[in-house]
Amino acid sequence: MAPPKKSKKNKKDGKLKKCKSSSVAPVEPTAPDSEWWDSFWHKNASNPGSSLSKDEEEGFKYFFRVSRKTFDYICSIVREDLVSRPPSGLINIEGRLLSVEKQVAIAMRRLASGESQVSVGAAFGVGQSTVSQVTWRFIEALEERAKHHLKWPDSNRMEEIKSRLEASFGLPNCCGAIDGTHIIMTLPTVQASDDWCDTEKNYSMLLQGTVDHELRFLDIVTGWPGGMTVSRLLKCSGLFKLCESGQRLNGNVRTLSEGGEIREYVVGGVGYPLLPWLITPHESSGLPASVVSAFNATHEAARSLAVRAFSQLKGTWRILSKVMWRPDKRKLPSIILVCCLLHNIIIDCGDILNPDVALSGHHDSGYGEQCCKQVDPLGRSMRENLVRHWQHSKRTAASK
């Protein structure tokens, strides 16, 4: 979910345009094109100083972050759109129309490396403008065709998520973790404003994500200025409105043997308000310091799922971790969304998220967490019930 558009002209952003006639007919081979890879591998794996092994499968995942099988799946999603709108300018140095496979490879390499369009083009033997066109067409197509890879879980799936999280952290009815991160950019002077300038004096766009036990994104919101706090971003999100109205996190309520109830919730850091459906760390008042410290350690372990997901996302798709040079702020949310979709596709296709490419430090390095003082009384009661149940479960387990 992004901020409401201010102009009717912007409504078409992110949507696939209708097929336009072209003098160049699409020439699609009957079998997927593999020639591009042979040429790319020969050229880039043999670069002086390259640390790549001779294993081409490993090399493929290094350059494009996905296995061959997942890459083919992504090509199948966007193939119809890329073929139906063949751009007359997209030809390689041999004068042939770029295959779908090569177009997808160019776009994914641009997103994965964060390198300049010139550098990516040189690796594939195409020009800067071709990289630009190919990448945006791929983003448009995947944004439209891969929506099913980022959706809120149905009741059956949510029960599985809650079961896994309780088994891992001892937190009943926990549905995931929430966090936010900054996508840093430079802006031309005419577009620079205090709204986009964040606490670290960077121009940035915020991304909020809710993730499950497998680091899969269940919900995201982006497009809002980095000058906002994460608590303000939360309240602007569809997630907040749906949870507040009882349309999300509205599953089975757990009645506790020691008294009280626990509804569905997610865990978040001190930057978020304490709500009945969003549980933040406990303050030390009213409970022994040892209990508070132990509970908060468990809470932080669960919350770290979102931290790890963002570190993985920004490390895998490096375009999000590098300073973007004067991006179109209307298109940037689509780029961010597609990177989140690719992150989920990796998980959904059974690929392994490569921890070696994740950011080594925090995903928002240099940013301190701003503490939100808002406390909903029902949220406080929920957290007290949760702490009592968690403490009781620990004692029971220790006595066995």
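Residues numbered from 1 in each chain as written. Predicted model: local features only at pLDDT ≥ 70, side-chain atom pairs only at ≥ 80, totals over all residues. Heavy atoms only, no water.

(A) Broad picture of the overall build of the chain. Secondary structure assignment for the chain yields 12 helices and 8 strands. Split into buried and exposed, the 400 residues of the chain put 51% on the buried side. Of the contacts formed within the chain by residues at least 6 apart in sequence, a portion of 72% connects residues at least 24 apart. Of the accessible surface of the chain, which amounts to about 19000 Å², a share of 51% is contributed by carbon and sulfur atoms. (Helix = DSSP H or I, 4+ residues; strand = E, 2+ residues; numbered from the N terminus. Buried < 20%, exposed > 50% of the residue type's maximum accessible area, 1.4 Å probe, protein only. Contact = heavy atoms within 4.5 Å. Areas by Shrake-Rupley, 256 points an atom, 1.4 Å probe, with all protein chains shown as cover.)

(B) The pattern of salt bridges, seen in detail. Using the criterion set out here, one finds 22 salt bridges in the structure. In this structure, E166 engages R254 in a salt bridge whose closest nitrogen and oxygen atoms are separated by 3.1 Å. Here the residue E166 occupies a position in helix α7 (residues 155-169), and R254 occupies one in strand β4 (residues 254-255), the gap between them amounting to 88 residues. A relative accessible area of 27% means that E166 is categorised as partly exposed. Relative accessible area serves as the criterion here: at 29%, R254 is assigned to the partly exposed category. The residue E283 makes a salt bridge to R383 at a minimum N-O spacing of 2.6 Å. Of this pair, E283 sits in the loop between β7 (278-279) and α10 (289-316) while R383 sits in helix α12 (residues 377-399), placing them 100 residues apart in sequence. We classify E283 as partly exposed; its relative accessible area is 41%. (Salt bridge = Lys/Arg side-chain N within 4 Å of Asp/Glu carboxyl O.)

(C) A look at the confidence of the model for the chain. Of the residues in the chain, 85% reach a pLDDT of 70 or more, and the chain-wide mean stands at 87. Predicted confidence for residues 6-30 stays below pLDDT 50, and this span has 32 contacts to residues more than four positions away or in other chains. (pLDDT = per-residue confidence, 0-100.)

(D) Expanded view of a negative patch on the surface. Together, D38, D55, E56 and E58 make up a region of like negative charge exposed at the surface. Residue position: E58 is located in helix α2 (residues 56-64). When its relative accessible area of 48% is taken as the criterion, E58 is described as partly exposed. (Patch = residues over 30% accessible without salt bridge, like charges linked within 9 Å, V, L, I, M, F, W, Y side chains within 5 Å. Lys, Arg positive; Asp, Glu negative; His and termini not counted. Charge placed at Lys NZ, Arg CZ, Asp CG, Glu CD.)

(E) Here's a closer look at the nonpolar core. The biggest cluster of nonpolar side chains holds 102 residues, and the ones touching the most others in it are F64, V104, M108, L111, F124, F138 and L142. Of all the elements, helix α11 (residues 332-348) adds the most residues to this core, at 11 residues. Counting 6 residues, the second largest nonpolar core, distinct from the first, contains V221, W224, L233 and C236. (Core = buried A, V, L, I, M, F, W, Y, C linked by side-chain atoms within 4.5 Å.)

(F) Representation of the pairing of strand β1 (residues 174-186) in the model. Of all the 13 residues making up β1, 11 are buried; the element is thus mostly covered by neighbouring parts of the structure. Inspection of the sheet shows β1 paired to strand β6 (residues 265-267) by 2 bridges, in the parallel sense. Paired with C174 across the strands is Y265, a residue of β6. Here β1 pairs with strand β2 (residues 203-211) via 9 bridges, running antiparallel. Bridge assignment links I178 to a residue of β2, and that residue is T210. Here β1 runs beside strand β8 (residues 324-325); their pairing, made up of 2 bridges, is parallel. Among the inter-strand pairings, M185 is bridged to a residue of β8, identified as M324. (Pairing = 2+ DSSP bridges.)

(G) Broad picture of the packing of helix α4 (residues 100-113) against helix α6 (residues 128-145). Where α4 contacts α6, the two axes come as close as 8 Å, and the packing angle between them is 90 degrees. One way to sum up the angle between α4 and α6 is to call them roughly perpendicular. Residues Q103, V104, I106, A107, M108, R110 and L111 of α4 form the contact with α6, whose own contacting residues are V131, V134, T135, R137, F138 and I139. (Axes fitted to C-alpha atoms, helices over the stretch in contact; angles between N-to-C directions. Parallel < 35°, antiparallel > 145°, perpendicular 65-115°, else oblique.)

(H) Looking closely at the packing of aromatic side chains. Counted by the stated rule, this structure contains 21 aromatic pairs. Considering the side-chain rings of W36 and F64, the 5.5 Å spacing of their centres and the 75 degrees angle between planes classify their relative orientation as edge-to-face. A residue pair is termed long-range when its members are at least 10 positions apart, and W36 in helix α1 (residues 35-44) and F64 in helix α2 qualify at 28 residues. W36 gets classed as buried once you look at its relative accessible area, which sits at 7%. A relative accessible area of 0% means that F64 is categorised as buried. With centroids separated by 4.9 Å and ring planes inclined at 85 degrees, the aromatic side chains of F40 and F63 adopt a geometry described as edge-to-face. Of this pair, F40 sits in helix α1 while F63 sits in helix α2, and the two are 23 residues apart along the sequence. (Phe/Tyr/Trp six-rings, centres within 6.5 Å; stacked < 30°, edge-to-face > 60°.)

(I) Focus on the pairing of β2. For β2, the buried fraction is high: 8 of the 9 residues fall into the buried class. Across 7 bridges, the pairing between β2 and strand β3 (residues 217-225) is antiparallel. For L207, the partnering residue across the bridge sits in β3 and is T222.

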